[in-house]
Amino acid sequence: MERRGDRPAYRTSRARAGSSGGRRRAGRPGVPRGRRAAARGDRRIRPVRHGGRPRSRQQGRQQGRQQGRQRPRQRGRQRRRGCRGIAPHARAGGRPPEGSPVTTLSSSFRLADSVAERLLRLTAAERHKVGFPGWSAAFPQPLVPFLSHELNNYGDPESDPVFSWHTKDLERELVDDLAGLFGACPARPWGHVTNGGSEGILYGLWLARRKHPRAKVYHSRTAHPCVARNAGMLRMENVAVAADVRGEMSYTDLMRRLVADPNPAAIVVATIGTTLTEAVDDVRSIRAALSAAGKRYHLHADAAMSGIPLALHAEGRPVFGLHAQGADSLSISGHKFLGAPFPCGVVMTRTLPARHPGTSDLLCGASDSFASSRNGHAALILWYLLKERGISGLRELAQAGRATAEYAQRRLVSAGWPAWRAHRHARTVVFPAPPRAVLETWALPVVRGVSHIVCTPGVSRSRVDRFVAAVGAAIPEPIKDGQPWTTPSRAV
Ligand SMILES: Cc1ncc(COP(=O)(O)O)c(C=O)c1O
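Fair warning: this is a prediction, and the values are worked out from it, not measured in the lab.

Basis of the calculations
Residues numbered from 1 in each chain as written. Predicted model: local features only at pLDDT ≥ 70, side-chain atom pairs only at ≥ 80, totals over all residues. Helix = DSSP H or I, 4+ residues; strand = E, 2+ residues; numbered from the N terminus. Contact = placed C-beta atoms within 7 Å. Expected span 1.5 Å × (residues − 1). Buried ≥ 20, exposed ≤ 12 C-beta atoms within 10 Å, placed from the backbone. Arc of directions from axis to C-beta. UniProt positions renumbered as here; feature names shortened; annotations may be inferred. Pairing = 2+ DSSP bridges. Axes fitted to C-alpha atoms, helices over the stretch in contact; angles between N-to-C directions. Right-handed = clockwise from strand over helix to strand, strands pointing away. Core = buried A, V, L, I, M, F, W, Y, C linked by C-beta atoms within 7 Å. Parallel < 35°, antiparallel > 145°, perpendicular 65-115°, else oblique. Left-handed = near helix turned anticlockwise from the far one by under 90°. Nonpolar A, V, L, I, M, F, W, Y, C, P; charged D, E, K, R; others polar. pLDDT = per-residue confidence, 0-100.

Peer 1: Mind showing me how you'd approach the overall build of the protein here?
Peer 2: Helix and strand content of the protein: 15 helices and twelve strands. Across the protein, every contact between residues at least 6 apart in sequence was considered, and the portion connecting residues at least 24 apart equals 69%.

Peer 1: Whenever I open this one, helix α8 (residues 197-211) confuses me. Can you help?
Peer 2: Owing to its 3.6 residues per turn, the α-helix brings residues three or four apart onto one side. Here α8 is 15 residues long and its end C-alpha atoms lie 22 Å apart, about the 21 Å a rise of 1.5 Å per residue gives. Counting buried positions along α8 gives eleven out of 15 residues, so the element sits mostly inside the fold. Of the positions making up α8, those classed as buried are G197, S198, E199, G200, I201, L202, Y203, G204, L205, L207 and A208.

Peer 1: I keep staring at helix α15 (residues 461-474) and nothing clicks. Help me out?
Peer 2: The end-to-end C-alpha distance of α15, which contains 14 residues, comes to 20 Å, matching closely the 20 Å that a straight helix rising 1.5 Å per residue would cover. When we look at burial in α15, the residues that qualify are R463, V464, F467, V468 and V471. Angular distribution of buried residues about the axis of α15 spans 135 degrees; they occupy a single face of the element. Exposed residues lying more than 90 degrees from the buried face of α15 are S462, A469 and A473. For α15, the elements touching its buried residues are α13 (376-414), α14 (436-441) and β12 (450-454).

Peer 1: Looking at this structure, I do not really get unusual backbone geometry. What am I missing?
Peer 2: Most peptide bonds take the trans form, and the phi angle of most residues other than glycine is negative. Phi at A443 takes a positive value of approximately 50 degrees, unusual for a residue other than glycine. Mapped onto the fold, A443 is located in the loop between α14 and β11 (446-447).

Peer 1: What is the right way to look at the UniProt feature "modified residue: N6-(pyridoxal phosphate)lysine" (unreviewed entry) in the protein in this model?
Peer 2: Here, the residues flagged by UniProt with the feature "modified residue: N6-(pyridoxal phosphate)lysine" (unreviewed entry) are K336. Within the fold, K336 resides in the loop between β6 (329-333) and β7 (345-349). On the neighbour-count criterion, K336 (26 C-beta atoms within 10 Å) is buried.

Peer 1: Sorry if this is basic, but what is going on with the sheet that holds strand β10 (residues 428-432) here?
Peer 2: Paired through their backbone hydrogen bonds, the strands of a sheet run either parallel or antiparallel. Taken in spatial order, the three strands of this open sheet run β10-β12-β11, and their pairing is antiparallel. A single partner strand is all that each edge strand has here, and the edge strands are β10 and β11. Direction of pairing for β11 relative to β12: antiparallel, over a ladder of two bridges. Bridged to V446 within β12 is S451. Seen against the sheet, α13 touches β10 and β12 and runs at an angle of roughly 20 degrees to β10.

Peer 1: Would you mind showing me how to read the sheet that holds strand β3 (residues 238-241) here?
Peer 2: Across the sheet, which stays open at both edges, the seven strands sit in the order β1-β7-β6-β5-β4-β2-β3 with mixed pairing between neighbours. Because the sheet does not close on itself, it has two edges, and the strands there are β1 (190-194) and β3. Taking each pair of neighbouring strands and ignoring which way they run, the sheet shows an average axis angle of 20 degrees. Here β1 pairs with β7 via five bridges, running antiparallel. Residue pairing across strands places G191 opposite M348, the latter belonging to β7.

Peer 1: What should I look at first to understand the pairing of strand β2 (residues 216-220) in this one?
Peer 2: The side chains of a regular strand alternate between the sheet's two faces. Of all five residues in β2, four are buried, a share of seventy percent or more. Sheet topology note: the β2/strand β4 (residues 265-271) ladder contains three bridges and is parallel. Directly across from Y218, in β4, lies its bridge partner V268. Of the strand pairs in this sheet, β2 and β3 are connected by four bridges, and their pairing is parallel. Each residue of the ladder has a partner; that of V217, found in β3, is N238. Note that the unit made of β2, helix α9 (residues 225-233) and β3 has a crossover that is right-handed.

Peer 1: What exactly am I supposed to notice about the nonpolar core here?
Peer 2: Nonpolar side chains in soluble globular proteins tend to end up buried together. Judged by nonpolar contacts, the single largest core of 98 residues is most densely connected at V268, A270 and L382. In terms of residues, this core owes the most to one element, α13, which gives 15 residues. If sequence neighbours within four positions are ignored, L382 has contacts with L174, V193, G334, L338, A340, C344 and V346.

Peer 1: Is there a simple way to think about the packing of helix α10 (residues 251-260) against helix α11 (residues 283-292) in this case?
Peer 2: When two helices pack together, their arrangement is given by the angle between the helix axes and by the axis-to-axis distance. Relative to each other, α10 and α11 sit at 25 degrees, their axes nearing to 9 Å. Here α10 lies roughly parallel to α11, going by the angle between them. For the pair α10 and α11, the crossing hand works out as right-handed. Note on element contacts: α11 touches α10 through S285, I286, A289, L290 and A292, opposite Y251, L254, M255 and L258. Looking at side-chain class alone, the contact of α10 with α11 contains eight nonpolar, one polar and no charged residues.

Peer 1: I would appreciate a short explanation of the packing of α13 against α15 in the present structure.
Peer 2: The contact between α13 and α15 brings their axes to 10 Å, and the two run at 20 degrees. Classified by the angle their axes make, α13 and α15 are roughly parallel. The chirality of how α13 crosses α15 is right-handed. Each of T404, Y407, A408, R411 and L412 in α13 lies in contact with α15, whose residues at this interface are R461, V464, V468 and V471. Among the residues making up the contact of α13 with α15, the classes are represented as six nonpolar, one polar and two charged.

Peer 1: Is there a simple way to think about the confidence of the model for the protein in this case?
Peer 2: Segments scoring low in pLDDT should not have their predicted coordinates read at a detailed level. Scored by pLDDT, the protein comes out at a mean of 82, with 72% of its residues at no less than 70. Note that residues 1-52 has pLDDT below 50 and, in this model, 40 contacts with residues that lie over four places away or in other chains. Here residues 70-95 is a poorly scored stretch, pLDDT under 50, and it has 21 contacts once near neighbours within four places are set aside; other chains count.

Peer 1: Looking at this structure, I do not really get the environment of T252. What am I missing?
Peer 2: Following the sequence through the fold, T252 ends up in helix α10. T252 sits in the exposed class, given 12 other C-beta atoms within 10 Å. Remark: the alpha-carbon pair of T252 and V241, spanning eleven residues in sequence, is separated by 9.4 Å.

Peer 1: I tried to follow the environment of G321 on my own but got confused; where do I start?
Peer 2: As for its position among the elements, G321 is in the loop between α12 (307-313) and β6. A residue is classified by how many C-beta atoms lie within 10 Å of it, and G321, with 27 of them, is buried. For the pair G321 and G307, spaced 14 residues apart in sequence, the C-alpha separation works out to 8.7 Å. Once you skip the residues sitting within four places of it in the chain, G321 turns out to touch F182, G183, A184, A311, G326 and A327.

Set out below in structure tokens:
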């Protein structure tokens with residue numbers, strides 16, 4: 001969050017003029033003048049409601065007018081300054097054209113200003129984006145016109161709604177392509193676009209509960225917190241299994257817990273790329289533990305983080321894929337490796353799931369998704385990104401990310417900061433949390449003293465160089481003993 005006294009240099013002059021340190025009269029810090037006046041019972045000045053604090057005198061006057069204050073006299077310079085924000089229809093004294101989002105002088109003025117400022121802030125933040133798995137791929141130009149149209153993939157992906165403004169045909173193609181990548185038998189997979197990885201896991205657990213109503217949900221303690229949260233929402237008991245130092249599930253602990261569980265069935269969520277270290281649970285070992293414990297089961301692969309890049313690196317079917325020796329259901333995030341500009345994801349099942357009773361829907365016959373109205377633009381953009389890049393283009397992205405991560409790990413170690421990766425394909429470089437200044441500038445997550453960078457396709461080597469230079473400059477003294485900080489990587 002932007003702090004006082006830490007305003008970045010890219011703020012526009014108008015935004016600076018409107019900031020609290022500018023021309024506004026000094027008052028009790030932190031208390032808006034309107035509120036104080038209102039508290040005193042001064043009825044002439046009412047609290048600012050809709051726009052929050054006025055950002056400039058002009059906005060303040062406009063807000064005041066909207067709230068019934070009399071228009072004050074304007075001096076020439078101020079009047080001229082105000083004209084810059086007038087929409088053409090307003091200058092001509094007419095009504096805005098129908099459908100125009102701009103209705104008043106100051107709303108157009110404030111809107112343009114705040115949008116421009118936000119864009120500058122966002123663009124500047126990109127320079128330091130290394131801490132999270134999402135990235136901003138260039139938005140495909142052919143899709144821009146679609147942003148002016150509603151696209152609602154209402155209900156079940158298999159049946160089209162009565163209206164035509166949907167992209168369910170593309171959604172089905174997307175699911176087929178992705179399921180193919182995950183080694184599914186072409187005729188059988190089923191799935192739909194979700195709001196993100198978390199919703200995909202929720203859906204996987206929902207299906208699992210239909211098959212095994214009282215089974216517990218097992219996951220590693222390094223699994224994403226949404227697994228436990230989703231289990232709670234579905235009133236399923238969850239069990240956090242121990243993990244090794246890399247973050248991978250302990251199969252001995254899993255086995256021990258399965259054997260102690262009297263229920264003949266179990267549900268396991270395997271994480272294919274943990275959030276902090278990108279560790280990958282071994283689906284083969286999980287299945288072996290489940291069979292040895294004599295359980296019937298449903299296995300969901302949470303592949304939000306690394307499912308696609310690992311499937312692209314795999315020789316043959318990925319171990320965690322949608323096949324008889326893999327997972328029963330699998331979910332990914334669309335805004336991580338694929339680079340969709342908003343949160344979205346896909347959940348898929350190995351076989352057509354039994355429908356939830358009472359799923360008949362007014363608009364499209366059946367509905368077996370959580371949401372009724374679903375994001376048609378998400379399906380469109382994911383479908384497009386997959387088709388445009390193709391498997392070979394995506395594989396290049398995955399390989400480039402892995403190479404950048406290798407490079408970043410090397411550079412950090414030679415700068416005197418220990419770093420490791422959970423496995424040879426990992427795009428995540430893990431290290432002890434660097435000093436606070438680095439964490440703040442580079443917006444890095446920290447969990448129990450451990451931090452990371454994720455080499456998404458958006459992270460270039462020059463960005464890594466700047467990051468490493470910042471770490472080198474901030475650390476008290478380099479650690480040059482040549483010892484790996486913790487365990488070496490494992491083959492995935
Ligand atoms: C391993 C893992 N699972 C699930 C999620 C949740 O995915 P989403 O943010 O798309 O809901 C994340 C998010 O970072 C994740 O890393």
